[in-house]
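Fold and geometry: a report
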Amino acid sequence: MLRRLGIAGRMSLLVLVGGAVILGVVVGVSAHVSRGMLERELEAKATALATSVANRLDAVERSITRSAVGIAHAVENLPVSREQVVTLLQAVVRDNPDVYGAAAAFQGGVPGTSRATCPYVYRHEGSLAVKDLAEGGYRFQIRDWYTLPMELGQPVWTEPYYDEGGGGIVMATYSVPLSTGTGETRFRGVVTCDVSLAGISGLIASLPLGEAGYGFVLSADGTVVSHRVKQYIMNETIFSLAEARGDPTLHALGLRMVHGESGFVPFTTFTTKTPSFLAFAPVGAEGWSLGLVFPKEAVTSRVRALGQTQILFGIAGFAGLLVVVLAISRSITRPLRHLDAATRALAGGNLDAPVPEPGGNDEVAHLAASFAQMQRDLRIHIDQLQATTAAKERIERELQIARAIQLALLPKTFPPFPERNDLEIYAVLEPAREVGGDFYDFFLLGEDRLVLVIGDVAGKGVPAAIYMAVTRTMIRALFREDSEPAEVLNRLNQELAEDNDSGMFVTVFCAVVDLRGGECRYANGGHNPPLVIRASGELEPVPSVSGYVVGAIEGPPFASGALILAPGDTLFLYTDGVVECMDRAGGLYGDARTRERLMDLRQTSCNDLIKGVREGLRRHADGAEQSDDITMLAFRLARGA
Amino acid sequence: MGRRLSITGVLVAVAATASAEVPATHVRLVLPWRHQAQFAGYYAALKHGLYAQDGLDVTIVGGGPGRDAVELVRGGQADVAVLPLSAALLAREHGGPVVNVAQVVNRSNLMLVAWRNRGIRRLKDLEGRRVSMWQEELSAPFLDFFGEEGIKPIFVPQYFSVELFLRRGVDACAAMEYNEYHGILQAGVDPSQLTVARLRDAGFGIPEDGLYCLESVARGNPYVVARFAAASLAGWRWVADHQDEALDLTMEYLRHDHVPGNRSHMRWMLTTLLPSIFPSAGDQWTFGRLRHEDYDRTLARLTDHGVVHLNLPFEVFCWSTETHAP
């Protein structure tokens, strides 16, 4: 996918991905950090709020305990009548808005009566009501607010209870034991002040705890005294909730709360199971506890809002970045595209296609400059190539001419003397691609003598061909004057060596065969000695005679050699192109193989002999190009001639 | 308070009509205590028509502080009461001619709960220590136990709460395993902080809740009483099979009467109580019936401790249609 995109697309994509990763990390880290900050902020706020609310509740508690202690003090120390007690209770309840109701319970009665009595003043429909709890079967003597201070001998806050006596509300009572004022501490009864828990719930409900936050109050036993779920109030303890949920953590938290600790802990709400934080603080001296719950959502929503803002800005930044990246990458790739077009034109053969020349000194400008340079170099190179090709073509033409010259001078008609049956002769010259300057010749001197010539000009091409033509012509001419081969070579050497500025020379073997007697006189100017294949089956080179290459220097005279050719004997003349015929690996055909081949073919006609050797060479070469001409000539005196 | 008044109003109205004629199909059942799972069987029998299908129109009246079930039965404001055996015998002692028509809770659930960190490791340690104790009939098995063991604690009256114990005002308190004990645990006390002893384990358990009515009522309406007893027991069987629904039903009564309490406490109560109602393999007693031996033993104990002075044959006390059929 990435590979299919252009550079601009790829850069944009990579920048986009890289930017997204960076943005993600930034948002994540900042969310983490800001969450921590917000949590700490919430903790400070919540703890402060919890403490402040606890203090307000403490104040309520103190005002109630003060009231109760005050009444108790009066009742204990003054000989008050029941009516006076009621008046006192009324005054306290009326003057203290925190006090819901107040009672004075006497187990043995008050001055003026011996019956148990318990006047109770409480708020009822906006005014104060009075009743006696000792009447109507209420049995105050079995109530916690009566028995606890009696048994414990000290003032107590009762657990909250649903009052059936007077108020008919959920309340808690502060109860102070009364003793006789005579020094001997004997229990007389109690003085109580009630606080309505509805008031506490109202206070909690009015707290600024946010939309989903709420507060709750636990009594010393862990009983839920105030909670937004009314069902919990008085029915559940924090421990029963922990039991119902099988949550030991909540149980442990409950113990911390009722043991008067304060703290700020993660918390799961009872009903909705909302992940939250709980700040808790003790209230009063009786082990009551206040808890303020703040859903984590309050923190996370702010973190989320922050994250959303960051992401929004990030995306906007991205869009801008993308535009910039696209613009930059397009400005980079525009000359590249033009270069691409120019390259295509160049590849199509248009060397004059304009090459863009972007300004600046960047890599693309360098590339364009290099490309322009390449185009110029290519143009020069092609010009040179054209010139070279022309020259080569000329050389090739010259070679063709040379080859034409070479071949034109050779006798090519076989049999050359169809009227004669006393001799057999066959020759072949296979020029190399670059003409080597080989030649052969034969002609009759009179009726009975045949001249055989084979030569190899040192050098190649047209000069070699011309030199060969000169040599051949001169040999022919010289043999017309003198039939002695050594003398012919002497004369030839003289002629050629004279004014030989080119330094060319030729190896020549020539022989004159007396067709009647078989005598063969010969001279050799540095050429491969021909081979004689006797009719009897032996193969031997012609005996060597002294003689240097022809045309190089005016030097020592050539010696004459002679041998007798019997009928059926074959004289095989050849140039070094035969023995030096190379296979593909550069291996030479060699003398031994040549001789072996000749021996194999000795019974055949000269024609077949030459063709047979040629075939052997072709197999050896196996298509390898030969650097030298291959020239062979076979002569045989007919049997019975 | 308003609801309470209305129920009392209904009760009074029913009582007024019932007193004119012998109660035939109207049966008023009064409980010895506030609504809780201890009475789930009766709620179930009413709710699921077990009473109705026996032609009974039953009203259940909750008890509690200030409402004496025995008095209501004696006064004719209620027809049947759920009473502990000891309370029924005490009613007899005070001239209330009640008879047992069914015995629901045959196994005792009384226990002593003590603070371990007050040095109470075993019950002997309670010698001379403050122990809060129920009054009269419920205290008899405890007094019996302490008497037999030769332990002399200082008794402090205990009424409807164990606050005094929770505030360490006493070293030990009396408790029902299915109620007060679990209440203490739900106040954040760990069982490891407590030393507990069940009276039945010490051999001092006596039967608890039974169904009682005046002998005259039973004699006058033997079949109504028998049908009521049978339907009540059937209610308990239903509860045993449908505990969650029974808890739902119980919670309805609690909420209706503003009785403090929570579901997990009611669950504890029910699961603790059911094995005391339905016998297991080793138990001598039968479901729903008061065992002769248990009656004799209980009477002897109460007599020994001077709680009652009765010469009351089992056959007179324990009513059945077979023996008392007219």
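Residues numbered from 1 in each chain as written. Chains lettered and ligands numbered in written order. Predicted model: local features only at pLDDT ≥ 70, side-chain atom pairs only at ≥ 80, totals over all residues. Heavy atoms only, no water.

Tallying secondary structure elements over chain A gives 13 helices and 22 strands in all. Scaling as 2.2 N^0.38, a compact globule of 641 residues should have a C-alpha radius of gyration of about 26 Å, whereas chain A reaches 68 Å, well beyond that. Structurally, chain A occupies a C-alpha span of about 195 × 60 × 40 Å along its principal axes. Once local pairs closer than 6 in sequence are excluded, the contacts in chain A between residues at least 24 apart make up 62%. When the accessible surface of chain A is totalled, it reaches about 30400 Å², and 56% of it is carbon and sulfur. With 59 positive and 73 negative side-chain charges, chain A shows a spacing of 8 Å between the two charge centroids. (Helix = DSSP H or I, 4+ residues; strand = E, 2+ residues; numbered from the N terminus. Rg over C-alpha atoms; globule rule 2.2 N^0.38 Å. Contact = heavy atoms within 4.5 Å. Areas by Shrake-Rupley, 256 points an atom, 1.4 Å probe, with all protein chains shown as cover. Lys, Arg positive; Asp, Glu negative; His and termini not counted. Charge placed at Lys NZ, Arg CZ, Asp CG, Glu CD.)

So, about the domain arrangement of chain A. The domain architecture assigned to chain A consists of domain 1 (8-195), domain 2 (212-296) and domain 3 (411-637). A C-alpha centroid distance of 145 Å is found between domain 1 of chain A and domain 3 of chain A. (Domains from an automatic or database assignment.)

Contact residues are listed per partner, giving 28 residues for chain A and 28 residues for chain B. For the pair chain A and chain B, the two sides together bury roughly 2400 Å², of which 51% comes from carbon and sulfur. Applying the counting criterion to the chain A and chain B interface returns one salt bridge. In this structure, B:Arg130 and A:Glu151 form a salt bridge, with 3.0 Å as the shortest nitrogen-oxygen distance. Elements supplying a minimum of two residues to the side of chain A that touches chain B: helix H3 (144-152), strand S4 (156-157), helix H5 (238-245) and helix H6 (248-258) of chain A. (Buried area = accessible area lost by both parts, 1.4 Å probe. Salt bridge = Lys/Arg side-chain N within 4 Å of Asp/Glu carboxyl O.)

So, on to the packing of helix H1 (residues 7-77) of chain A against helix H7 (residues 296-347) of chain A. Residue and element names in this part refer to chain A. At a closest axis distance of 8 Å, the pairing of H1 and H7 adopts a crossing angle of 160 degrees. One finds that H1 runs roughly antiparallel with respect to H7. Handedness of the H1/H7 crossing: right-handed. (Axes fitted to C-alpha atoms, helices over the stretch in contact; angles between N-to-C directions. Parallel < 35°, antiparallel > 145°, perpendicular 65-115°, else oblique. Left-handed = near helix turned anticlockwise from the far one by under 90°.)

Right, let's talk about the nonpolar core for a bit. Among the nonpolar cores identified, the biggest contains 70 residues, and B:Tyr42, B:Leu211 and B:Trp236 are the most heavily contacted of them. A total of nine residues in this core trace back to one element, the largest contributor, which is helix H9 (residues 222-241) of chain B. (Core = buried A, V, L, I, M, F, W, Y, C linked by side-chain atoms within 4.5 Å. Buried < 20%, exposed > 50% of the residue type's maximum accessible area, 1.4 Å probe, protein only.)

Time to look at a negative patch on the surface. Residues and elements named next belong to chain A. Together, Glu495, Glu498, Asp499, Asp501 and Glu554 line one region of the surface with negative charge. Here glutamate 495 shows up in helix H10 (residues 485-497). Its relative accessible area of 41% is what places glutamate 495 among the partly exposed residues. (Patch = residues over 30% accessible without salt bridge, like charges linked within 9 Å, V, L, I, M, F, W, Y side chains within 5 Å.)

For the α-helix, the turn length of 3.6 residues means that residues three or four positions removed from each other point alike. Where helix H5 (residues 140-149) of chain B is concerned, the buried positions are B:Ala140, B:Pro141, B:Phe142, B:Asp144, B:Phe145 and B:Phe146. For H5(B), the elements touching its buried residues are strand S5 (110-115), strand S6 (130-133), strand S7 (154-157), strand S8 (172-176) and helix H12 (292-304) of chain B.

Right, let's get into the pattern of salt bridges. All names here are of chain B. A complete count under the given rule lists 40 salt bridges over all chains for this structure. Measuring nitrogen to oxygen at the nearest pair gives 2.6 Å for the salt bridge that ties arginine 198 to glutamate 177. You can see arginine 198 sitting in strand S9 (residues 194-198) and its partner glutamate 177 sitting in the loop between S8 and helix H7 (180-185), a full 21 residues away along the chain. Of the residues examined, arginine 198 reaches a relative accessible area of 30% and is grouped as partly exposed. The class of glutamate 177 is buried, set by a relative accessible area of 9%.

Right, let's get into helix H4 (residues 197-205) of chain A. Residue and element names in this part refer to chain A. Buried residues of H4: Leu197, Ile200, Ser201, Leu203 and Ile204, and no others. For H4, the angular spread of the buried residues around the axis is 160 degrees, confining them to a single face. Structural note: H4 exposes Ala198 and Ala205 on the side pointing more than 90 degrees away from its buried face. Along its buried surface, H4 packs onto H1, strand S6 (170-179), strand S7 (187-196), strand S8 (214-218), strand S9 (224-226) and strand S12 (288-295). Measuring from the side-chain oxygen of the N-cap residue of H4 to the backbone nitrogen of alanine 198 gives 3.1 Å; that N-cap residue is serine 196. (Arc of directions from axis to C-beta. Polar contact = N/O pair within 3.5 Å; in protein donor to acceptor, adjacent residues only side chain to side chain.)

Right, let's get into the domain arrangement of chain B. Residue and element names in this part refer to chain B. When its domains are assigned, chain B resolves into domain 1 (2-107 + 207-324) and domain 2 (110-198). Just the C-alpha atoms count here: the centres of domain 1 and domain 2 sit 26 Å apart. Of the roughly 1700 Å² buried where domain 1 meets domain 2, counting both sides, 62% is carbon and sulfur surface. For the pair domain 1 and domain 2, the number of links is two salt bridges. With its nearest N and O atoms 2.9 Å apart, the salt bridge here joins arginine 301 to aspartate 144. Where domain 1 packs against domain 2, one counts eight residue pairs in polar contact (both at pLDDT 80 or more). Those elements that provide at least two residues to the side of domain 1 that touches domain 2 are helix H4 (85-93), helix H11 (263-277) and H12. Residue contributions to the side of domain 1 that touches domain 2 peak at six residues, all from H11. Split by residue class, the side of domain 1 that touches domain 2 holds ten nonpolar, eight polar and two charged. (Nonpolar A, V, L, I, M, F, W, Y, C, P; charged D, E, K, R; others polar.)

What follows deals with unusual backbone geometry. Between A:Phe414 and A:Pro415 the backbone carries a cis peptide bond, its omega angle lying at -5 degrees. Position of A:Pro415 relative to the elements: it lies in the loop between helix H8 (363-409) and strand S13 (423-430). If you check the backbone angles, B:Arg168 has positive phi at about 60 degrees while not being a glycine. Within the secondary structure, B:Arg168 is located in the loop between helix H6 (163-166) and S8.

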